[in-house]
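Notes for the structure review
Now for the letters of each chain:
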Amino acid sequence: MSLTKLEAQVARDLELTAHPHMEWMVPRLHGGKPALDVLIVGAGQSGIVTAFGLMRERVRNILAIDRAPEGKEGPWVTFARMPTLRSPKLQTGPDLGMPSLTFQAWYEAQHGAQAFADMNLIPSVDWHEYLLWFRRVLGIPVRNDVAATAIAPGRLDDGGPCLRVTLSTGEVLAARKVVLATGQDGTGEWWMPDFVRNLPADRRAHTCALDIDFDRLKGKVVAVLGSGASAMDNAAVALEHGAEVHLFCRRRPTGVQRFRWLTFAGFLRHMGDMPDLWRWRFMANILNAREGFPPDTLERVLVFRDTFTMQVERTWTDARMEDGRIRLETTRGPFHADFAICGTGIRQNVHLRPELAAFADKIALWRDRFTPPPGEEDALLANYPYLGADYQFLEKTPGEAPWLGDIHLFAIGSTLSFGVSGSSINGMTIAVPKLVAGLTRGLFAGDLQRHWQSLLAYDTKVVDIDWSRVKTG
Ligand SMILES: Cc1cc2nc3c(=O)[nH]c(=O)nc-3n(C[C@H](O)[C@H](O)[C@H](O)COP(=O)(O)OP(=O)(O)OC[C@H]3O[C@@H](n4cnc5c(N)ncnc54)[C@H](O)[C@@H]3O)c2cc1C
């Protein structure tokens, strides 16, 4: 099958599954201008798939925005320095159950079934191309090169509630619902220790940095902190550019990927319904383990026998510049390097996000709602937002900012409340429909009065009864 034929199949499948066909959203105004039903901030995979889910529910007055230029959304062709995805190729997600929209269908349409069968893991570039195709073939409305910089409560012209979202262009968009599909750092930051951050900017980087000049590292000593998949990928790229790389890890890598353990329907669908203690316990175990790297990644660094060293159970405690080089203090004495890369992941801190800053202190966090049993405390996990059943923010103090309930978080920050959900491929199949149902629930509830009036006024006849032909008693 060619891509053109596949696209025809997608159109046909959408048609065959279009029930219920009836439009149900009524355009609303804010300041005399059209308001959106849903604004999605972030047009990476989570944002565009949420848009697809909404469009299938006939919520089509929506927009996804992304601060990145078109084709540069998400990590896949920017800072994910890995030739392939880490997750198994048979994990579906964006298709939301429609076979013609799967990665496999898209790939086979261009390269044939044998090529897919022969593939080990999905090349990152292909995953990215697939997401761009998905967006195009479904006509997802996306506006690039624009960031959401602030969110505030507002009123529609008919008095209903809305959110006013300020953009980097200075425009203000009104929307009844906002979805934050802002990725790994959506409710926090890519984190590195302060002593590394305080080194000169051209001597250190986080693995998420777009602009690491690896050519400059040829013949230099590069110290990488962390043993997760991204740390290993960055080590590999530095090695491939001729650097000598030392990768420092607190614990000996186990080779285990916990995300593979949890990929079963019970966990994906129901973790978010479980009591707080169990959500906390499971997710603490999973989130506190660095995501393991696949065998290919290990092979990628092991090729460099002479220039790659794993400094096992040795971590950094301090850093400073000394005679033009970085002096790292480690748990086993000092180490000198020319460049430092932190593969230290993310940390939650809603105060750091410009779009959340004005009301960050009003967002309920896990620390506000849950006290772990002695021995299970975790100050970092406690900073995750404590979300409501529809992925919405809750107020720290009830009654203080009820409008927070119209902001739905679908990013890594959703993970402690729901298990794998936002910012994950394997969670999408189950989590996106749940999010979409939460959004439509709110939109429907907000219009109950109008629906009631509409029902009372409903007089569309499916049959005109000719009473002259009916014998009445
Ligand atoms: C390096 C790396 C490798 C990964 N590999 C895998 C893997 O192999 N398998 C797997 O299952 N998962 C993997 N993941 C996890 C997950 O699938 C990815 O993080 C994925 O990108 C999540 O999709 P997303 O849409 O939630 O976030 P993203 O893809 O990051 O998209 C978020 C978008 O929001 C935009 N944005 C953020 N803030 C704003 C704002 N204020 N205004 C406008 N736009 C904004 C960003 O520009 C970005 O494009 C990986 C993650 C990383 C970081």
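About the cut-offs
Residues numbered from 1 in each chain as written. Predicted model: local features only at pLDDT ≥ 70, side-chain atom pairs only at ≥ 80, totals over all residues. Heavy atoms only, no water. Helix = DSSP H or I, 4+ residues; strand = E, 2+ residues; numbered from the N terminus. Rg over C-alpha atoms; globule rule 2.2 N^0.38 Å. Buried < 20%, exposed > 50% of the residue type's maximum accessible area, 1.4 Å probe, protein only. Contact = heavy atoms within 4.5 Å. Areas by Shrake-Rupley, 256 points an atom, 1.4 Å probe, with all protein chains shown as cover. Lys, Arg positive; Asp, Glu negative; His and termini not counted. Charge placed at Lys NZ, Arg CZ, Asp CG, Glu CD. Pairing = 2+ DSSP bridges. Domains from an automatic or database assignment. Buried area = accessible area lost by both parts, 1.4 Å probe. Salt bridge = Lys/Arg side-chain N within 4 Å of Asp/Glu carboxyl O. Polar contact = N/O pair within 3.5 Å; in protein donor to acceptor, adjacent residues only side chain to side chain.

Comments concerning the overall build of the protein
Of regular secondary structure, the protein possesses 16 helices and 18 strands. At 25 Å, the protein has a C-alpha radius of gyration in line with the 23 Å of a compact globule built from 473 residues. Taken along its principal axes, the extent of the C-alpha atoms in the protein is 100 × 55 × 45 Å. Within the protein, buried positions represent 51% of all 473 residues. Pairs at least 24 residues apart make up 71% of the contacts formed inside the protein by residues separated by at least 6 positions. Surface summary for the protein: the accessible area is close to 22,300 Å², and the carbon and sulfur share equals 54%. Counting 53 positive and 54 negative side-chain charges, the protein places the centres of these two groups 2 Å from one another.

Looking at the pairing of strand 15 (residues 333-337)
Note that strand 14 (residues 325-330) and strand 15 share 5 bridges and pair antiparallel. Residue pairing in the sheet places Leu-328 in a bridge with Phe-335 of strand 15. If you look at the hairpin formed by strand 14 and strand 15, you'll find 2 residues sitting between the two strands.

Concerning the domain arrangement of the protein
Accessible area lost when the parts come together is the quantity often used to give the size of an interface. When its domains are assigned, the protein resolves into domain 1 (3-187 + 348-452) and domain 2 (192-253 + 290-344). For domain 1 and domain 2, the distance between their C-alpha centres works out to 33 Å. Across the boundary between the two partners, domain 1 contributes 8 residues, which contact 15 residues of domain 2. Summed over both sides, the interface of domain 1 with domain 2 buries roughly 910 Å², with 53% coming from carbon and sulfur. On the domain 1 side of the interface with domain 2, the three residues burying the most area are Phe-79, Arg-81 and Arg-86, jointly 73% of the side's total. At the surface where domain 1 touches domain 2, the tally comes to 1 salt bridge. Between Arg-86 and Asp-233 there is a salt bridge whose closest N-O contact spans 3.1 Å. For the interface between domain 1 and domain 2, the tally reads 7 residue pairs in polar contact (both at pLDDT 80 or more).

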